[in-house]
Amino acid sequence: MRDIRSEIESLVRQLGGTVGVAVRGIMNALDFSYNEDERMYSASTIKIPVLVEAVRRLAEGSADLDREFVLPDDDRTPGSGVLRFMHGAMTLTYHDLMVLMIITSDNLATNLLIDFLTPEAITATMRGFGYRATEVQRRIFDYEAMGRGLYNWIAAGEIADLCKRIYTKTAVGGRWMSWRSGYWAGSWTRSACVCCCRTRPGSQTSQESRRRRCMTQASYGRMTSPTRYVWLQPAGRTGARRS
């Protein structure tokens, strides 16, 4: 096997920040960890815990796929997704929100689910798995909450483990995690890989080149895996935004 650790350490030096990498073997693939317990701002990776809690509610009967939500006129959460471009008052189902959150990484769909599920409940489910770093404290792009010091957190190791739980149908239960799990988790999967990057303030390497190195090189190889990358700028950098 290639010397992955030395390659990652070399990349970390180029990135000029903190990197966490975690791989969980699923079908006779490798397990690997590098700084995987480092707690980092989650960016869109927090949508994976939100999905697990959403499916858990289906399993316990407190949510229904056909439950309807009305798209608010006054909420156009920025960033990824399509709902912010849609007209207000349109009706969406619980199923619609989950699909949009995962397939298009829709931030507004995510916020509607967070409002319904509550940050406390999502975090409690993660604590039930033994995860201590993963925590939902607010909606996506909630600047007022950010001003109060509230952020969403993950660690690469916990999210990789959660992806493996989804694939092996142990996150909620066989019946419910098999529902669309091949579509969302990747039925071709051999490994669950998560790479998280956080840059240091004052780093001279351009944002785009650091992102490109993180997303293309840190995946090391042609492994067929659902890979979640998180790109995080430091709070002190001009123009930095945290979702």
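This one's a predicted model, so the numbers in the text were calculated from it and none came from an experiment. (Residues numbered from 1 in each chain as written. Predicted model: local features only at pLDDT ≥ 70, side-chain atom pairs only at ≥ 80, totals over all residues. Heavy atoms only, no water.)

**Q** Quick question: what am I supposed to make of unusual backbone geometry here?
**A** Most of the time, phi is negative for any residue but glycine, and the peptide bond is trans. Of note, Ala43 is a non-glycine position whose phi angle comes to about 50°, a positive value. Even without glycine at this site, Lys169 takes up a positive phi of about 60°. Along the chain, the position of Lys169 falls in the loop between α7 (156-167) and α8 (174-177). Judged by relative accessible area, which is 34%, Lys169 ranks as partly exposed. (Helix = DSSP H or I, 4+ residues; strand = E, 2+ residues; numbered from the N terminus. Buried < 20%, exposed > 50% of the residue type's maximum accessible area, 1.4 Å probe, protein only.)

**Q** Could you clarify how one ought to interpret the packing of aromatic side chains in this entry?
**A** Tallying each qualifying case throughout the model produces 8 aromatic pairs. Relative to Tyr94, the ring of Phe69 lies with its centre 6.3 Å away and its plane at 20°, an arrangement referred to as stacked. Placement of Phe69 in strand β4 (residues 68-70) and of Tyr94 in helix α3 (residues 94-103) is noted, with a sequence separation of 25 residues between them. Note on Phe69 and Phe116: the rings are 5.7 Å apart at their centroids and 90° apart in plane angle, and the pair reads as edge-to-face. One end of the pair, Phe69, is in strand β4; the other, Phe116, is in helix α4 (residues 107-117), and 47 residues separate them in sequence. In this structure Phe69 comes out as buried when scored by relative accessible area, which is 11%. Members of the aromatic cluster, connected to one another through ring pairs, are Tyr41, Tyr151 and Trp153. The ring of Phe69 has Arg67 sitting right over it, with the charged end atom 5.6 Å from the ring centre. (Phe/Tyr/Trp six-rings, centres within 6.5 Å; stacked < 30°, edge-to-face > 60°. Lys NZ or Arg CZ within 6 Å of the ring centre and 35° of its normal.)

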